[in-house]
Amino acid sequence: MIVVDDVHKHFGGFHAVDGATLSIEKGSITGLIGPNGAGKSTLFNVIAGVLPPTSGRVIMDGEDITGLPPHTLFAKGLLRTFQIAHEFSSMTVRENLMMVPPGQRGETLWNTWFQRSRIREDEARLAAVADEVLEFLTIDHLADERAGNLSGGQKKLLELGRTMMVDAKIVFLDEVGAGVNRTLLNTIGDAIVRLNRERGYTFVVIEHDMDFIGRLCDPVICMAEGKVLAEGTLDAIKANEEVIEAYLGTGLKNKESA
């Protein structure tokens, strides 16, 4: 579904992504791991159109999408979440979901004057869809809560719910487990697996929790210093000497024995 071909992203003399090449298979849940500063989030930003690459190409379903803006990629079904959730804190959880689909009638001044009944119909339909999404994510009891009052894990579930309000094809999740307790992380993991199996979502997941990666992801790709070091099962990645060296003695094997 996605091919990243020799992508570079430079910030002055700093090469955040330095010739990364990888592919994401349709229908997979791919893990992207690596030490801090490996270039993982920067690569996500390049793929999702947040940052233009210095050089290289990104291909989606055979189409060159290099440098396309996020809203164009959103319309093509490529979505990206962030390490820190970006909810609209003063709006309810349901309202946060309802505002996601583009092209709503209520977005134009003309329609607010002359098509109020249709706008109400649209809003009722979107509210019903949002409630289905919240039930799927097991947070329907929070539908009328202000999003700013949610816990970190609940906000991550809300971000995942946003992807369900449109026709998502591939979703890039950046540190979905950061600041999330184990119970909610399991809930998030369950939702990702169900979306993958039942709705055909393709996921790419940046995460430092190796238990979470091991449960969900195959294959796993490891980056370091802006490059792709290794790809394979998590067990194969753990045994790779280059990967162990990249973690500078605080890597996967040492973490397991700690």
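The structure displayed is predicted, hence computed values, not measured ones.

Visitor: How should the overall build of the protein be read in this particular structure?
Guide: If you tally the helices and strands in the protein, you get 11 helices and 10 strands. Against the 2.2 N^0.38 benchmark of 18 Å for 258 residues, the protein shows a C-alpha radius of gyration of 19 Å, consistent with a compact globule. Dimensions of the protein, computed from C-alpha atoms along their principal axes, come out at roughly 65 × 40 × 30 Å. Within the protein, contacts between residues at least 6 apart in sequence are counted, and of these 67% link residues at least 24 apart. Accessible area for the protein stands at about 12,500 Å²; split by element, carbon and sulfur atoms hold 50% of it. Averaging the locations of the 26 positively and 36 negatively charged side chains of the protein gives two centres separated by 5 Å.

Visitor: Please explain the sheet that holds strand E4 (residues 55-60) as it appears in this structure.
Guide: The strands making up a sheet associate through backbone hydrogen bonding, with each pair oriented either parallel or antiparallel. Read across the open sheet, the 4 strands follow the order E2-E1-E4-E5; overall the sheet is antiparallel. The open sheet has two edge strands with one neighbour each: strand E2 (14-24) and strand E5 (63-64). Bridge count for strand E1 (residues 2-11) against E4 is 5 bridges, and the pairing is antiparallel. Each bridged residue has a counterpart across the sheet, and for Val 4 the counterpart in E4 is Val 58.

Visitor: How should I be thinking about the pairing of strand E9 (residues 220-224) in this particular structure?
Guide: In terms of residue burial, E9 counts as a mostly covered element, since 5 of its 5 residues are buried. Of the two faces of E9, the one carrying Val 220, Cys 222 and Ala 224 and the one carrying Ile 221 and Met 223 are both buried. Of the pairings in the sheet, the one linking strand E3 (residues 29-33) to E9 comprises 3 bridges and is parallel in character. Bridged to Ile 33 within E9 is Cys 222. Bridging between E9 and strand E10 (residues 227-232) involves 5 bridges; their strand directions are antiparallel. Counted as the bridge partner of Cys 222 is Ala 230 from E10. Between E9 and E10, which pair antiparallel and follow one another directly, the connecting turn spans 2 residues, one of which, Glu 225, has a positive phi of 50 degrees.

Visitor: Hey, could you run me through the sheet that holds strand E6 (residues 78-80) in this one?
Guide: The strand order E6-E7-E8-E3-E9-E10 describes an open sheet built from 6 strands, whose pairing is mixed. The open sheet has two free edges, formed respectively by E6 and E10, since each of these has just one partner strand. Sheet twist, expressed as the average angle between the axes of neighbouring strands with direction ignored, equals 20 degrees.

How each quantity is defined
- Residues numbered from 1 in each chain as written.
- Predicted model: local features only at pLDDT ≥ 70, side-chain atom pairs only at ≥ 80, totals over all residues.
- Heavy atoms only, no water.
- Helix = DSSP H or I, 4+ residues; strand = E, 2+ residues; numbered from the N terminus.
- Rg over C-alpha atoms; globule rule 2.2 N^0.38 Å.
- Contact = heavy atoms within 4.5 Å.
- Areas by Shrake-Rupley, 256 points an atom, 1.4 Å probe, with all protein chains shown as cover.
- Lys, Arg positive; Asp, Glu negative; His and termini not counted.
- Charge placed at Lys NZ, Arg CZ, Asp CG, Glu CD.
- Pairing = 2+ DSSP bridges.
- Buried < 20%, exposed > 50% of the residue type's maximum accessible area, 1.4 Å probe, protein only.
- Axes fitted to C-alpha atoms, helices over the stretch in contact; angles between N-to-C directions.

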